[in-house]
Amino acid sequence: MLDTHCHLNDTQYDGEVGHIVDRFLDEGVEKVICVGCDTVSNEKAKQIADTYDSVYYAVGIHPDECMTYDEDKLVRYLDSNDKKLVAIGEIGLDYYHNKENKAKQKEVFVRQIKLAKKYHLPIIIHCRDAYGDMLDILREYAPFDDGAVMHCFSGSVEWANEIIRLGIKISFTGSVTFKNAKNLHEVAKHIPLDTFFFETDSPYLSPEPNRGKRNEPKRVFDVLKFVAELRGLSAGELEKITDINAKNFFKIN
């Protein structure tokens with residue numbers, strides 16, 4: 001089992017990373033991807049991946065941090081040919097927290113898409129309250145030959161179908177287990193089996209029955225089990241399928 005998106009580099013985990021790694025390995029989570037959001041978390045993600053065999057990493061500048069974008073610092077990671085570096089992310093648009101810098105967010109998102117295409121890496125996309133502009137950009141820069149995934153998917157069935165048509169994968173977090181997430185349940189139930197995989201986005205979005213508590217990568221199984229039940233599959237069946245999806249996407253053996 002893989003957790004394709006977590007933040008072991010978050011300050012909530014300072015001094016505990018080794019214990020958290022031990023816990024997810026004990027639960028059968030084989031590998032995780034630690035995702036950066038800014039200059040500091042990118043470097044911490046690399047350091048954690050360097051320390052633990054089971055941890056891979058991604059680097060990127062989150063839209064909330066777009067005003068601090070420094071492409072030279074990102075390129076240093078990309079030029080390193082580090083086999084543990086598996087994606088650029090998380091990158092995208094977020095109009096929930098800031099609507100005043102939309103133009104800068106779009107500029108930084110596009111610049112990172114171009115870097116991903118140049119360095120033949122997949123992108124991990126963050127989108128919140130920015131669906132129209134996001135779709136315009138994705139349509140303009142598709143196809144994503146090296147892969148693109150909509151992290152922490154929270155959109156409608158129609159939105160899911162549209163991005164799947166563009167060849168973009170979907171990643172489900174613990175939010176799919178929430179009782180009030182009826183639209184998300186429909187997405188998880190009906191999209192093709194080869195179009196999605198799972199993540200925790202830990203320390204955030206802990207799935208039921210631990211909603212509201214600090215999350216950990218070990219809880220990715222709770223997300224998978226919920227979706228397996230929605231689809232009438234065994235957890236083992238769905239794990240096998242989505243692990244193949246994730247490993248192929250991130251080129252992890």
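Whatever comes next refers back to the structure up there.
Residues numbered from 1 in each chain as written. Predicted model: local features only at pLDDT ≥ 70, side-chain atom pairs only at ≥ 80, totals over all residues. Heavy atoms only, no water.

> Looking at this structure, how should I read the layout of surface pockets?
There is about 840 Å³ of room inside the largest pocket. Lining the largest pocket are 34 residues; nearest its centre among them are His62, Glu90, His126, His151 and Asp201. Of all the secondary structure elements, the ones that give two or more residues to the lining of the largest pocket are helix H2 (39-51), strand E4 (85-94), strand E5 (123-128) and helix H7 (182-190). Of the residues belonging to the lining of the largest pocket, the class tally is eleven nonpolar, 13 polar and ten charged. Here the second largest pocket is characterised by a volume of approximately 210 Å³. Around the second largest pocket sit Leu78, Asn81, Asp82, Lys83, Leu85, Val86, Tyr119, His120, Leu121, Pro122, Phe250 and Lys251, which together line it. (1 Å grid on protein atoms, 1.4 Å probe; cavity = no way out; pocket = protein on both sides within 12 Å on 5 of 7 lines; lining within 4 Å. Points joined across faces, edges and corners; volume = space filled by probe spheres on them. Helix = DSSP H or I, 4+ residues; strand = E, 2+ residues; numbered from the N terminus. Nonpolar A, V, L, I, M, F, W, Y, C, P; charged D, E, K, R; others polar.)

> Teacher, can you tell me more about the sheet that holds strand E3 (residues 55-59) here?
Strand pairing in a sheet relies on backbone hydrogen bonds, with the paired strands running either antiparallel or parallel. With parallel pairing, the eight strands of this open sheet are ordered in space as E1-E2-E3-E4-E5-E6-E7-E8. On the outer flanks of this sheet lie strand E1 (2-6) and strand E8 (196-198), each paired with one strand and no other. Between one strand and the next, the sheet's axes are offset by a mean angle of 30 degrees, whatever the strand orientation. As defined by bridge partners, E5 adjoins strand E6 (residues 148-150) across three bridges and the pair is classed as parallel. The partner of Ile125 across the bridge, within E6, is Met150. Sheet strands touched by H2: strand E2 (31-35) and E3. Its angle to E3, the strand with the most contacts, is close to 160 degrees. (Pairing = 2+ DSSP bridges. Axes fitted to C-alpha atoms, helices over the stretch in contact; angles between N-to-C directions. Contact = heavy atoms within 4.5 Å.)

Geometric descriptors of this kind do not, in isolation, establish any biological role.
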